[in-house]
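# Summary of the model geometry
Listed here are the chains, written in short residue letters.
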Number of protein chains: 2
Amino acid sequence: MAAEVDVLTDLLRENDIDALKARMSHTPDRSLARLLRQLGRHDVRTIFQLLPAERADGLFQILDGEVRVDLLTELSQAPAARLFALLDPDDRAWLCQRLPKDVWLPLLDRLTPDSREATERLMAYPQDSTGRAMSPHVIGVDVDQLAGAALERVRQASPRTETIYMLPVIDGHDVVVGVVSLRRLVTSDPQAAVADLMKTPAVVMRADQHQEEAARAVREAQLIAAPVVDESGRLVGVLTVDDAMRILSDVDDEDAARSTGSSPLRRSYLATSVFDLMRSRIGWLLILIIAATLTVNVLDYFEDTLAEVVTLALFVPLLIGTGGNAGSQSATMVVRAMAVGDIQTRDLRRVVRREVSTGLMLGLTLAAFGLLPAAWFAGWSIALVVAVSLVTICVLATGVGSTIPLLARRFGFDPAVVSAPFISTVVDATGLIVYFVTARIVLGIG
Amino acid sequence: MAAEVDVLTDLLRENDIDALKARMSHTPDRSLARLLRQLGRHDVRTIFQLLPAERADGLFQILDGEVRVDLLTELSQAPAARLFALLDPDDRAWLCQRLPKDVWLPLLDRLTPDSREATERLMAYPQDSTGRAMSPHVIGVDVDQLAGAALERVRQASPRTETIYMLPVIDGHDVVVGVVSLRRLVTSDPQAAVADLMKTPAVVMRADQHQEEAARAVREAQLIAAPVVDESGRLVGVLTVDDAMRILSDVDDEDAARSTGSSPLRRSYLATSVFDLMRSRIGWLLILIIAATLTVNVLDYFEDTLAEVVTLALFVPLLIGTGGNAGSQSATMVVRAMAVGDIQTRDLRRVVRREVSTGLMLGLTLAAFGLLPAAWFAGWSIALVVAVSLVTICVLATGVGSTIPLLARRFGFDPAVVSAPFISTVVDATGLIVYFVTARIVLGIG
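A few points on the structure. (Residues numbered from 1 in each chain as written. Chains lettered and ligands numbered in written order. Predicted model: local features only at pLDDT ≥ 70, side-chain atom pairs only at ≥ 80, totals over all residues. Heavy atoms only, no water.)

## Observations concerning the relation of the copies chain B and chain A
When chain B is fitted onto chain A, the two copies agree to an RMSD of 0.1 Å after a turn of 180 degrees and an axial shift of 0.0 Å. Expressed as a symmetry operation, the mapping of one chain copy onto the other fits a two-fold axis. The fraction of interface residues of chain B whose copies in chain A are also interface residues reaches 100%, indicating that both copies meet through the same surface. (Least-squares fit on C-alpha atoms with pLDDT ≥ 70 in both. Contact = heavy atoms within 4.5 Å.)

## Here's the deal with the sheet that holds strand β4 (residues 205-206) of chain A
Residue and element names in this part refer to chain A. If you walk across this open sheet you meet the three strands as β4-β5-β6, and the pairing is mixed. Two strands in the sheet have a free side with no partner beyond their single neighbour: β4 and β6 (235-240). The pairing of strand β5 (residues 225-229) with β6 spans five bridges and is antiparallel. Its bridge partner lying in β6, Ala226 is registered against Leu239. (Pairing = 2+ DSSP bridges. Helix = DSSP H or I, 4+ residues; strand = E, 2+ residues; numbered from the N terminus.)

## Comments concerning the side chain of Gln209 of chain A
All names here are of chain A. Along the chain, Gln209 turns up in the loop between β4 and α15 (211-220). A polar contact is formed between the side chain of Gln209 and the backbone nitrogen of Arg206, at a distance of 2.9 Å. Once residues within four sequence positions are removed from consideration, Gln209 is found in contact with Asp128, Ser129, Thr130 and Ala214. (Polar contact = N/O pair within 3.5 Å; in protein donor to acceptor, adjacent residues only side chain to side chain.)

## Here we look at empty space enclosed by the protein
This model, assessed by the stated rule, comprises one cavity of 30 Å³ or more. Computed from the structure, the largest cavity encloses a volume of approximately 50 Å³. If you trace the largest cavity, you find it lined by Leu299, Leu306, Ala313, Val316 and Phe436 of chain A together with Leu299, Leu306, Ala313 and Val316 of chain B. Looking at the lining of the largest cavity residue by residue, the class counts come to nine nonpolar, no polar and no charged. (1 Å grid on protein atoms, 1.4 Å probe; cavity = no way out; pocket = protein on both sides within 12 Å on 5 of 7 lines; lining within 4 Å. Points joined across faces, edges and corners; volume = space filled by probe spheres on them. Nonpolar A, V, L, I, M, F, W, Y, C, P; charged D, E, K, R; others polar.)

## Notes on helix α12 (residues 147-155) of chain A
Listed in full, the buried residues belonging to α12 of chain A are Ala147, Ala150, Leu151 and Val154 of chain A. Within α12 of chain A, the buried residues cover an arc of 100 degrees as seen down the axis, which keeps them to one side. (Buried < 20%, exposed > 50% of the residue type's maximum accessible area, 1.4 Å probe, protein only. Arc of directions from axis to C-beta.)

## Re the packing of aromatic side chains
All names here are of chain A. Enumeration over the complete set of coordinates arrives at 11 aromatic pairs over all chains. Pairing Phe48 with Phe60 gives two aromatic rings, centres 6.4 Å apart and planes at 90 degrees, and the pair type is edge-to-face. Of this pair, Phe48 sits in helix α4 (residues 41-50) while Phe60 is found in helix α5 (residues 53-60), placing the two residues 12 residues apart along the sequence. For Phe60, a relative accessible area of 0% translates into the label buried. Ring centres 5.1 Å apart and planes at 15 degrees place the aromatic pair Phe302 and Phe436 in the stacked group. (Phe/Tyr/Trp six-rings, centres within 6.5 Å; stacked < 30°, edge-to-face > 60°.)

Written out as structure tokens, the structure reads:
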């Protein structure tokens, strides 16, 4: 694929229009959509301008959101408005959130009144709410209908309707009272009452609920789609499994990037400039290096001890490294267990007790394995200092590693983001203090 | 939820059968299924034995795989066989893979010949193949049929059929030639030919394909389900979006655990004993601490330099910490970009060039910010040593951090697993060498 990108980039540089057209006519839509993620915004525009209108329309509908943002920014108003009108209201609302106002306002103005109204309704929901991610194109089946009539209603459904496989069942006030699957409707006697076929209570999502929470609920209950309702329980849209997967995959991307203190990339890796790569990472590296000056101060405080027994310095990287590893094992396990709902913030004491016990066993095991080699290398007294410090540092690291994610959650921060850097800072500094205090006692110095 | 678990555990300890029964009758199935993940296997069995048979059957079908494993191991043959028979063949095949042979063989023997045959057919596929994860209960629609007749065939479908929303279209030899959605069938003229309604070419999965790859393909193409075919293209099963999400979520769990060198937990966090927690982590900690002895040796080699200028020791944790952070940023970004297909192993040179350029900019920025404070703290010459080392270490770390995941993939290892520990070992040791060599040159010692 990367090779394909190079070919395209070369042809774009050479402005070889005929070769470009020929090449693209042989590339399937999905492959082309993937390739576009790796190109700069000018190149994306050039490619779109070379495509036949019909193909461009089809391709635009399967593009990644961020590529659409670039393309709509680059194109002039008329072609941009035509592409914009092809999208579903939820996709349009998503784009408006990301485009500058002077780009999206004219696009919205050129829509038909209906489409415009549907889009604006979604944009009224808070950012990251389920209302922003749902599709408003949903049909409800009347609870008083018979299966045959309901099926007939589904048959007439507009092609815009997001899904017809999960059908919300509504009462006279549009309130969702159950759901019935198309499968149930199709395989039932047409004379059966919808009220008898539907499943109650329906698993519904609230439009003002956080979209990540709704997406997890859809995945856990293995639904094809879930009705979305307003605060009075009235049907306002549908969240499909596709939407749920996209939301969760975006969340994973962000978490993965943030866990090492990078900002998530807006575009694919190879389409991001080295300068942007640098910018996405420098912030956290600076914060971490400032935090790390704590270790410089701790070591400075113990400089006399260090000067007296330089050999102590040899084990510093090993000790803080082990602390960091043990701490991040704890943190990862706790973050994961929180994400899948196995533990809550109120389990703090219990989790920390378990982690600290684990840390004690880990430390004792490591110390037992390390004592002899360390003694052989640096003598018994230093080996003893290292062994005692290993145990204490493992206990500290697992304690801190499990506490910080739970506290972060309690105070409303994303545990995956803040945990790793804080843990290593705290564990490094306290671990060094433990090490040198132990050394002073055991070696009788300082 | 944890509070609920405590109540249940207490009642189980007190053997208060009536209170247990009352409590469970008020707990919805999904909540009970979640609670069972957190209990030990004996408790799970006790709870199942207390439930009315019909409720137990329903509950068993929504239990997590690992809880099913525990339960079937604990129950006696007759009730275990009854529950086992309720499952779909793919779930049965999954269980057989995890149960000891003396447990699953009798269970298989007690199935009806049909069910047994269906299960054994799936078990014949290689581990982690799509064939193991698919459902064999699929109906194909004849390419020569009319829409009305095809719809009638779907109506007659057994309730076991996994999905009827995506219908594979097959020729006279069972070869998949397209797919048609139930939506298309329902909304079309009954006299239309299936051949005109179907989508070609169908996105199909191969039964011998790795299941993670198939699951990603289902997600990327936003399919409700995909037909699974044998090596001749004949329909043998269906992989639904539910299956795909379960596979990908399992993979994520494993990756998250393994990235810090833990083995993935078999059961939920609170249901795992402290000893098992310890066992899941000690292996990597030992390997990492052995690797970390490399840093001890490097420092030992430079002990004279260190003895002469003890102040050098103060910056050791800060320098290797920054190297570790910069390296893991690179590694995370590269692993992620590989996972979503943005980069391939053949992009190695290009990626490393980009990362090293990023590292150079990061290092220069950090050095620029750090020079003055370091000079104020430790004098100009040591500040210069630290600054030069920061730049070199950032370049090293980003280079190593991007190379190792790509090399790991090329040699068939999981990059998420091996990257972090290797990177920190290599970066720590080489970073220290750079630091002390620079010190010797700048300070004119050694």
